[in-house]
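Now for the letters of each chain:
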Amino acid sequence: MAKIIAGVTSSHVPAIGAAIDNHRTGEPYWQRVFEGFERSKEWIRNAKPDVVIGVYNDHASAFSVEIIPTFALGTAAEFPIADEGWGPRPVPVVKGHPQLAAHIAQSVILDEFDLTLCNKMEVDHGLTVPLNLMFGSPKAWPCPVIPLAVNVVQYPPPTGHRCFMLGKAIRKAVESYPEDLNVVIFGTGGMSHQISGQRAGLINSKFDHAFLDNLTKNPKKLTKLSHLELMREAGAEGVEMVMWLIMRGALDDKVDEVYRFYTVPASNTAVGHIILANRTKGAKKTAGKPAKKAPVKLKRAAAAQKIQRIRS
Ligand code: DHB
Ligand code: FE
């Protein structure tokens, strides 16, 4: 049986991608951001997901502004990197998992979430930047990635509650997939930021920290936030955080916060990042295969239920 072992949230600021692509990660401004993901990279190396479900938003790259699906699931075998104006980012093509994606589509749609299915789709910084932050810059991404694009660009985006319930439906879908797969789900975007208008540059760290606290301990409270409240508190683009609730809905009610990082700014944005592990996680139920030893680091993290906070 497949299972969701953990969820990760991360900002997807395009300038982070540009810093990587232009070899500027060592500059003090960027070092502060990338250092915060060093432990995360180590964690995911040890967690070794078989598949990542990447919840992100397309920034008028795959869909333009003519067609804007609310929830679009990538069912293709691979997803080319979109040209966002400077040529495609020099990152590996994203390989999908068509079998699991088709299974998720069937389960979730029969559960009355009307997904758009994308058998061909390019992916932009919304997905590739979080992949870089978690996996670094490998020649090929270490596992297949199923993209789930959510509209947070044109009003009206889905509600946080709808996103949370979709996460639950995705979990049910994954858990009814017969192959032994460990799945990690990413929720990307956020935290507080506003890119244009009178409040451009808005950051609300108090709100962001409370959002992170509630994401771990009381996510249902976050599902009650209206778009207006989210935008008033976290800026117009802060509404991206509804995507984090898809990730959270796919996890247990009670989770272990493995790691947290928050820093301001990266470009216009407060970078927020959290790793939440399901308590029922870990060893694959091995049908005939020899059991893999659970990674030492992961075991230690679980035993200590240690919350590491780095804030600047
Ligand atoms: C920025 C952040 C985003 O999330 C985005 O999609 C585009 C730009 C920024 O901070 O500049
Ligand atoms: Fe964005």
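Numbering of residues starts from 1 in every chain and runs along the sequence as written. Starting at A for chains and at 1 for ligands, labels are handed out in the order in which the entities are written. Where totals are concerned, whole chains, interfaces and linings use all residues; where local detail is concerned, this predicted model gives features only for residues with pLDDT of at least 70, and gives and counts side-chain atom pairs only at 80 or more. To get the side-chain values, take all heavy atoms of the structure and skip hydrogens and water.

Asks: Which residues make up helix 5 (residues 125–135), and what are the values?
Replies: Counting buried residues in helix 5 gives 11 out of 11 residues, a clear majority hidden from the surface. When accessible area is computed with a 1.4 Å probe and restricted to protein chains, residues below 20% of their type maximum are described as buried, those above 50% as exposed, and intermediate ones as partly exposed. Secondary structure elements follow DSSP: runs of H or I no shorter than four residues count as helices, runs of E no shorter than two count as strands, and numbering proceeds from the N terminus. What helix 5 keeps buried is the set H125, G126, L127, T128, V129, P130, L131, N132, L133, M134 and F135. One or two residues past the end of helix 5 sits G136, with phi positive at roughly 75°.

Asks: Tell me what's going on with the side chain of H97, and back it up with residues and numbers.
Replies: Take H97: it is sitting in the loop between strand 5 (94–95) and helix 4 (98–110). A relative accessible area of 12% places H97 in the buried class. Here, two residues are considered to be in contact whenever any of their heavy atoms come within 4.5 Å of each other. The residues touching H97, leaving out its near neighbours within four places in the chain, are V51, A76, P144, V145, I146, Y177 and L181.

Asks: Talk me through the site of ligand 1; I want residue IDs and the actual numbers.
Replies: Neighbouring residues of ligand 1: H12, V13, P14, H59, H125, H193, I195, E240, A266, S267, N268 and T269. Think of a polar contact as two N or O atoms within 3.5 Å of one another; within protein, one of them needs to be a possible hydrogen donor and the other a possible acceptor, and neighboring residues in sequence only count if both atoms come from side chains. One nitrogen or oxygen atom from the side chain of H12 is found 3.0 Å from an oxygen atom belonging to ligand 1. In this structure, T269 approaches ligand 1 through a side-chain N or O atom, which is 2.6 Å from an oxygen atom. If ligand 1 stood free it would expose 290 Å²; the protein chains cover 88% of that surface. Considering only residue class, the shell around ligand 1 consists of 4 nonpolar, 7 polar and 1 charged. Near, as used in this document, describes a residue that has one of its heavy atoms within 4 Å of the molecule or strand being considered. Only the protein chains shown count as cover for residues, and the accessible areas themselves come from Shrake-Rupley with a 1.4 Å probe. Gly is put with the polar residues, along with every residue not named as nonpolar or charged; the nonpolar set is Ala, Val, Leu, Ile, Met, Phe, Trp, Tyr, Cys and Pro, and the charged set is Asp, Glu, Lys and Arg.

Asks: Tell me about the pairing of strand 3 (residues 71–74), residues and numbers included.
Replies: With burial as the criterion, each face of strand 3 is covered, one bearing F71 and L73 and the other bearing A72 and G74. In this scheme, strands are said to pair when DSSP sees at least two bridges between them. When strand 3 meets strand 7 (residues 145–150), the two strands line up antiparallel, connected through 3 bridges. Across the sheet, residue L73 finds its bridge partner in strand 7, namely L148. Note: strand 3 against strand 6 (residues 116–118), 3 bridges, orientation parallel. What sits directly across from L73, in strand 6, is L117.

Asks: Before we move on, can you summarise unusual backbone geometry with the specific residues and values?
Replies: If a residue is not glycine, its phi is most likely negative; likewise, a peptide bond is most likely trans. At the junction of G190 and M191, the peptide bond is cis and its omega measures out at -10° in the coordinates. If you trace the backbone, M191 turns up in the loop between strand 8 (182–188) and helix 7 (205–217). In this structure, the amide linkage connecting V264 to the following residue, P265, adopts the cis form with an omega of -10°. You can see P265 is positioned in strand 9 (residues 255–266). A positive phi angle, close to 55°, is found at S64, a residue other than glycine. Within the fold, S64 resides in the loop between strand 2 (51–56) and strand 3. Here E112, not a glycine, exhibits a phi torsion of approximately 80°, which is positive. Mapped onto the fold, E112 is located in the loop between helix 4 and strand 6.

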